[in-house]
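# Structure at a glance
Now for the letters of each chain:
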Amino acid sequence: MIYADNAATTKMSREAVAAMLPYFEEYYGNPSSLYAFGQKAKEDLEDARKRIASCLGADPREILFTSGGSEADNQAIMSAAHSGAAKGKKHIISTAMEHHAVLHTLDKLKKQGFEVTLLDVHENGIVTAEEVRNAIREDTCLVTVMYANNEIGTIQPVGEIGAVCRERGVLFHTDAVQAAGHLPIDVKAQNIDMLSLSAHKFHGPKGIGVLYARRGVLLETLISGGAQERGKRAGTENLAAVMGMAKALEIACSNMERNAERMTAMRDRLIEGLDRIPYGELNGDRVHRLPGNVNFCFEGIEGESLLLLLDDKGICASSGSACTSGSLDPSHVLLAIGRPHEVAHGSLRLSIGEDVTEEEIDYMIAAVTDVVTYLRNMSPFWRDLVNGKRRHVFSE
């Protein structure tokens, strides 16, 4: 089997698993307990918080543990919105290609009377800092732009956007779920006020994540109960998962440069091979993209059939976000960059890992080529394209 869906989730590293095991059987105390056994758990929890903060250029007191990226996105956006509303500011800026954890939260806020501006992105999936600057108004309370897109891998100029927001006195949040552990993050240097990440995207466990919130940013409590996480997120901390996340993030950050160099070379080899398939196009920017992300659209095929036949060939892939895998609608990200509906339905995302080999890359190129050809030979839509009854969207 070739696993090429690392954007959906990654295999846990052995080091992360090893870091978790003692907290299931040996140090299983509740960090809120006053006796020494509980305080040992508390000390380890705070040590992990400090290590994670170091990876992000943050202060440990700015790190809040959550159940993952979606919860962190929700808390960041709701907090900034309601804080802004108290000052008469009810305008939020985002982009049309954010993760649904962001977009659905913004939809909820629109029902509460907030005005949301979704910036269009260019064909390569990038929004510029100048476009953000032009959209900011006197009543803008938040700008939320993802660091790297989960479908097409486009990397946004978050440092430049953060600088604009800091200059204009507007809070800046970035969904860094795909970026953390794969791209450099320095929340202070990049003027990031709030940031979301999830451990299972960088070989940590599922169900644990982080919300970074700069000191001075007021957070709204979404889960009420106990006084954990400075009263901002009730519930006994998942200590084992936190320890696994801290170890996984440390390893990812220490190996980031080496991994990125190797994965970029493999990614470009895969792009070059798939580029040879007629009437197909790469989605997203060729240069400003995640090291392991490859996303193509192919005319004349349907994405679900492509995935099932690739599965038969031992390749795990996706057509977009794992969070919308049950939807029959075309990707909102592909529509945002201008892909027509009929082409957006024929998308393929291959997100490779650090251990992928040249042989696996070449096998994927051959397999995708074979499957696309097979599906086109069966497709009435493709016959219409070949016979000139329909016009091609892409060039050969």
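All of the points below concern the structure found in this document. (Residues numbered from 1 in each chain as written. Predicted model: local features only at pLDDT ≥ 70, side-chain atom pairs only at ≥ 80, totals over all residues. Heavy atoms only, no water.)

### Description of the packing of aromatic side chains
Tallied over the full model, the rule gives four aromatic pairs. Note on F296 and F298: the rings are 5.7 Å apart at their centroids and 10 degrees apart in plane angle, and the pair reads as stacked. Here F296 and F298 have matching classes, each one buried. The ring of Y27 has K40 lying over it, and the distance from NZ or CZ to the ring centre is 4.7 Å. Sitting over the face of the ring of F114, K90 holds its NZ or CZ atom 4.8 Å from the ring centroid. (Phe/Tyr/Trp six-rings, centres within 6.5 Å; stacked < 30°, edge-to-face > 60°. Buried < 20%, exposed > 50% of the residue type's maximum accessible area, 1.4 Å probe, protein only. Lys NZ or Arg CZ within 6 Å of the ring centre and 35° of its normal.)

### Describing the environment of V143
Take V143: it is sitting in strand β5 (residues 140-144). V143 gets classed as buried once you look at its relative accessible area, which sits at 0%. V143 sits 189 residues away from H332 along the chain, and the two C-alpha atoms are 20 Å apart. Discounting chain neighbours no more than four positions away, the residues touching V143 are I93, V132, I136, I161, C165, V170, L171, F172 and H173. (Helix = DSSP H or I, 4+ residues; strand = E, 2+ residues; numbered from the N terminus. Contact = heavy atoms within 4.5 Å.)

### Details of the packing of helix α10 (residues 303-312) against helix α13 (residues 358-378)
Where α10 meets α13, the axes come as close as 10 Å, and the angle between the chain directions of the two elements is 130 degrees. On the basis of their axis angle, the class for α10 and α13 is oblique. Taken as a pair, α10 and α13 cross one another with a handedness that is right-handed. Taken together, the residues of α13 that come into contact with α10 (itself represented by S305, L306, L309 and L310) are A367, V368, V371, V372, Y374 and L375. Here the residues of the contact of α10 with α13 sort into nine nonpolar, one polar and no charged. (Axes fitted to C-alpha atoms, helices over the stretch in contact; angles between N-to-C directions. Parallel < 35°, antiparallel > 145°, perpendicular 65-115°, else oblique. Left-handed = near helix turned anticlockwise from the far one by under 90°. Nonpolar A, V, L, I, M, F, W, Y, C, P; charged D, E, K, R; others polar.)

### Regarding the side chain of S13
Locating S13 in the fold gives a position in the loop between β1 (2-3) and α1 (14-20). Residue S13 is classed as buried on the basis of its relative accessible area of 15%.

### Some words on helix α7 (residues 158-168)
All buried positions along α7 are accounted for by V158, I161, G162, V164 and C165. Along α7, the residues classed as buried sweep out an arc of 160 degrees about the axis, all on the same side. Facing away from the buried surface of α7 by more than 90 degrees, the exposed residues are E160 and E167. Buried residues along α7 sit against α6 (129-135), β5 and β6 (171-175). Remark: G169 follows α7 within two positions and exhibits a positive phi of approximately 70 degrees. (Arc of directions from axis to C-beta.)

### Observations concerning the sheet that holds strand β3 (residues 91-95)
Strand order in the open sheet formed by seven strands is β2-β8-β7-β6-β5-β3-β4, with mixed pairing between adjacent strands. In this open sheet, the two edge strands, each paired with only one partner strand, are β2 (63-66) and β4 (115-119). In this sheet, adjacent strand axes meet at a mean angle of 20 degrees when their direction is disregarded. Taken together, the five bridges between β3 and β4 define a ladder with parallel strand orientation. Bridge pairing in β4 places T95 opposite L119. Against the sheet, helix α4 (residues 69-85) touches β2, β3, β5, β6, β7 (194-198) and β8 (209-213), its axis set at about 165 degrees to β7. Sheet contacts for helix α5 (residues 100-110): β3, β4, β5 and β6; angle to β3, the most-contacted strand, approximately 155 degrees. (Pairing = 2+ DSSP bridges.)

### Describing the pairing of β7
In terms of burial, β7 is largely enclosed, as five of its five residues are buried. Covered by surrounding structure in β7 are M194, S196 and S198 together with L195 and L197, the residues of both alternating faces. Sheet topology note: the β6/β7 ladder contains three bridges and is parallel. What sits directly across from H173, in β7, is M194. Pairing geometry for β7 and β8, over five bridges, is antiparallel. By the bridge assignment, M194 is partnered in β8 with A213.

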